[in-house]
Amino acid sequence: MSASDRGLSVALRRTLGLALLLAFWEWGARAGVIDPFYAPAPSTVAGTLFALFQGGTLYPHIAATFSAALLGLGAGLLIGGLLGFTAALIRPLADLLEPFMMLLNAVPRVILAPLFVIWFGIDLGSKVALSLVLVAVLVFFAVYNGIRDVDRRLVERVLTLGGGRLAVLREVYLPSVTAWVMGSLRVAVGFAFTGAVVGEFVASSRGLGYLLSFAQSTYNAAQTLALILIVMAFVLLLFWLGGWLERRLLRWRHP
Amino acid sequence: MSARLQVLPQPEPAPRAPEALGERLLAVRGLTLRYGRNPPAVEEVEFAVAAGELVSLVGPSGCGKSTILRAIAGLHRPERGTVELGVARRALGFLFQDDALLPWRTARDNVALGLRFAGMSRREARAEAEAWLARLGLAGLGGRYPAQLSGGQRKRVALAQVLALRPRLLLMDEPFAALDAIVRQQVTQELLRWVEREGIAVVLVTHDLEEAIALADRVLLLGQGPRARIQARHPVDIPRPRDLVAVRGHPAFAPLYRRLWRDLSRAMGREETP
Ligand SMILES: Nc1ncnc2c1ncn2[C@@H]1O[C@H](COP(=O)(O)OP(=O)(O)OP(=O)(O)O)[C@@H](O)[C@H]1O
Ligand SMILES: [Mg+2]
């Protein structure tokens, strides 16, 4: 059995499992075994999902959540990366930053959401700030450890082959760090959306998180589930993109 | 091949005190090396290497051979003493004990690396790298990543990486210890032929006394560490060019081997009864 055959059969089994679960759920909801108030039948959720998209009112909400998450992700990667890079190379800066970052890493950072609402208002700003903080701390440690973890022998190779500091940076540090950052990219994507949606829960006038808290307040389980599905779909899409990027950039690892 | 290699910047003459160095490419004086607060690994090490000369450095494991090479290459700062180079830094090649290549670069790009640093264009450097890979029996493997190569192949890539820069002084740290006997014999013979023809000066660190004698003009024996010193210096009076197999049958070989072996045993025994 070849690797691709095995991959196919695994995919088949997983799809089968999911289909069985949905079928049982559908049957249970219709037969009255499961209370549809809590767990509406998949067909009902699908109908709600369809209606949400058809109305056209959904798109501004998707755009709001998406832009908050992507802005937070981009800025978080940039800021976390730069801080990690400089901290790893400049000792005093590391001593200054490390306790602060440790603290931010230890606490559940979403508790900052109310503070950000006060600071940046209920619009985009507070959501971007939250997902930025979630992502930046993660990336900071990935880059910081990546640089600390650089193979000294490789640095020496480059130096003895006539490379300067810049060459060491480009040939050794950057690729090592890329590997570390790629390792935490998926988590970072998840964090970015967590930040955006939680920010919207706390205070907002649009976004998927806003719709979710609205659906929750009206006890509309079908709509809640439909919205969760939408967020999941976007995160999966980004995971897939991240996986593709990882395979391209880290080709040397799994040739 | 020489015509193609002319592209490389030729090594400059001695950067300083050439008259003091004379014909020598390397002079190590009173070298004392230590790690942190430990007692010095080696102490008062002195030797010189003339142009085109091959010097073997042997000694018990852990006595400080690698550390000496690292100090010569400027990777380890001496506690005392000096390293004088009669060649430009870029004419100094270092073949390390392990074969760590850049894992994210193909064999070809690993070899091209030093050439790129020397200012060669990417295309030229790649072509040159391929030529070196082919010369070392790795034709067609240029596109592979280090993870896709065997240990022996990686070693040869590392060798190509260093030789491509046309060093005038080559430091080698047990370069072929990890290779199986046949490949080892082959690669060593190829390297010897190249070094003899190009007149490259070599400092070779090895555990293998036979190899030390077979390749070298002089064998230096380092004693047991810490505070290891050079215990004995033996010239090898066997003409060049040498054939690695035939050289072992030369009348001078066996007596020298026995003397070295005796010296080495004595050097190692000395420390057991301080
Ligand atoms: N980074 C280090 N920190 C502290 N001590 C070290 C370090 N590297 C080497 N040493 C010590 O210095 C001494 C000399 O080490 P070195 O690697 O030069 O020995 P060697 O002669 O090359 O040994 P081998 O033949 O086994 O390669 C050893 O006793 C070793 O334990
Ligand atoms: Mg060693």
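Residues numbered from 1 in each chain as written. Chains lettered and ligands numbered in written order. Predicted model: local features only at pLDDT ≥ 70, side-chain atom pairs only at ≥ 80, totals over all residues. Heavy atoms only, no water.

1. Observations concerning the interface of chain A and chain B
Right, on to step 1. On the side of chain B, 20 residues touch chain A, which itself brings 18 residues to the contact.
Right, on to step 2. On the chain A side of the contact with chain B, A:Arg157, A:Leu161 and A:Trp252 bury the most area, a combined 36% of that side's loss.
Right, on to step 3. Put simply, A:Glu156 and B:Arg70 hold a salt bridge, and the shortest N to O gap is 2.8 Å.
Right, on to step 4. Those elements giving two or more residues to the side of chain A that touches chain B turn out to be helix H7 (152-160) and helix H8 (165-202) of chain A.
Right, on to step 5. When the residues that make up the side of chain A that touches chain B are grouped by side-chain class, the tally is eight nonpolar, four polar and six charged. (Contact = heavy atoms within 4.5 Å. Buried area = accessible area lost by both parts, 1.4 Å probe. Salt bridge = Lys/Arg side-chain N within 4 Å of Asp/Glu carboxyl O. Helix = DSSP H or I, 4+ residues; strand = E, 2+ residues; numbered from the N terminus. Nonpolar A, V, L, I, M, F, W, Y, C, P; charged D, E, K, R; others polar.)

2. What to know about the coordination of the magnesium ion (ligand 2)
All names here are of chain B.
Right, on to step 1. Distances from the magnesium ion (ligand 2) to its protein donors, Ser66 (OG) and Gln97 (OE1), fall within 1.9 to 2.5 Å. Placement of the pair is Ser66 in helix H3 (residues 65-72) and Gln97 in the loop between strand S5 (92-95) and helix H4 (107-117), with a sequence separation of 31 residues.
Right, on to step 2. Judged by its relative accessible area of 39%, Gln97 is partly exposed. (Donors = N, O, S within 2.8 Å, 3.2 Å for Na, K, Ca; no water. Buried < 20%, exposed > 50% of the residue type's maximum accessible area, 1.4 Å probe, protein only.)

3. Focus on helix H5 (residues 122-135) of chain B
Residue and element names in this part refer to chain B.
Right, on to step 1. End to end, H5 covers 20 Å across 14 residues, agreeing with the expected 20 Å (1.5 Å per residue, within 8%).
Right, on to step 2. When we look at burial in H5, the residues that qualify are Ala125, Glu128, Ala129, Ala131, Trp132 and Leu133.
Right, on to step 3. Of the residues trailing H5, Gly137 is marked for its positive phi of about 80°. (Expected span 1.5 Å × (residues − 1).)

4. Looking at helix H9 (residues 208-217) of chain A
Residue and element names in this part refer to chain A.
Right, on to step 1. Restricting attention to buried positions, one finds in H9 the residues Leu208, Gly209, Leu211, Leu212 and Ala215. On an axial view of H9, the arc spanned by its buried residues comes to 160°, and they lie on one face.
Right, on to step 2. Summarising the contacts, the buried residues of H9 are in contact with helix H3 (58-89), H8 and helix H10 (221-249). (Arc of directions from axis to C-beta.)

5. Let's talk about unusual backbone geometry
Residues and elements named next belong to chain B.
Right, on to step 1. Following Arg240, the chain continues to Pro241 via a peptide bond in cis, the omega torsion being -10°.
Right, on to step 2. Here Pro241 is to be found in the loop between strand S9 (230-235) and helix H9 (253-270).
Right, on to step 3. Look at Glu44: it is not a glycine, yet its phi comes out positive at around 50°.
Right, on to step 4. For Glu44, the position within the fold is in strand S2 (residues 42-50).
Right, on to step 5. Phi at Arg166 is positive, roughly 50°, even though this residue is not glycine.
Right, on to step 6. Along the polypeptide, Arg166 turns up in the loop between helix H6 (151-163) and strand S6 (169-173).

6. Section: the site of ligand 1
Residues and elements named next belong to chain B.
Right, on to step 1. Ligand 1 sits among Tyr35, Ser61, Gly62, Cys63, Gly64, Lys65, Ser66, Thr67, Gln97, Glu174 and His207.
Right, on to step 2. With respect to ligand 1, the side chain of Glu174 contributes an N or O atom lying 3.4 Å from an oxygen atom.
Right, on to step 3. Measuring from an oxygen atom of ligand 1, one finds a side-chain N or O atom of His207 at 3.1 Å.
Right, on to step 4. For ligand 1, whose accessible area on its own is 640 Å², the fraction buried by protein is 58%.
Right, on to step 5. Considering only residue class, the shell around ligand 1 consists of two nonpolar, seven polar and two charged. (Near = heavy atom within 4 Å. Polar contact = N/O pair within 3.5 Å; in protein donor to acceptor, adjacent residues only side chain to side chain. Areas by Shrake-Rupley, 256 points an atom, 1.4 Å probe, with all protein chains shown as cover.)

7. A look at the pairing of S5(B)
All names here are of chain B.
Right, on to step 1. Residues of S5 alternate between two faces, with Leu92 and Phe94 on one and Gly93 and Leu95 on the opposite face, all of them buried.
Right, on to step 2. As paired strands, S5 and S6 are joined by four bridges and run parallel to one another. The residue bridging Gly93 from the neighbouring strand is Leu170, located in S6. (Pairing = 2+ DSSP bridges.)

8. A word on the domain arrangement of chain A
Right, on to step 1. Along its sequence, chain A is organised into domain 1 (1-34) and domain 2 (46-249).
Right, on to step 2. Computed over C-alpha atoms, the centres of domain 1 of chain A and domain 2 of chain A are 31 Å apart. (Domains from an automatic or database assignment.)

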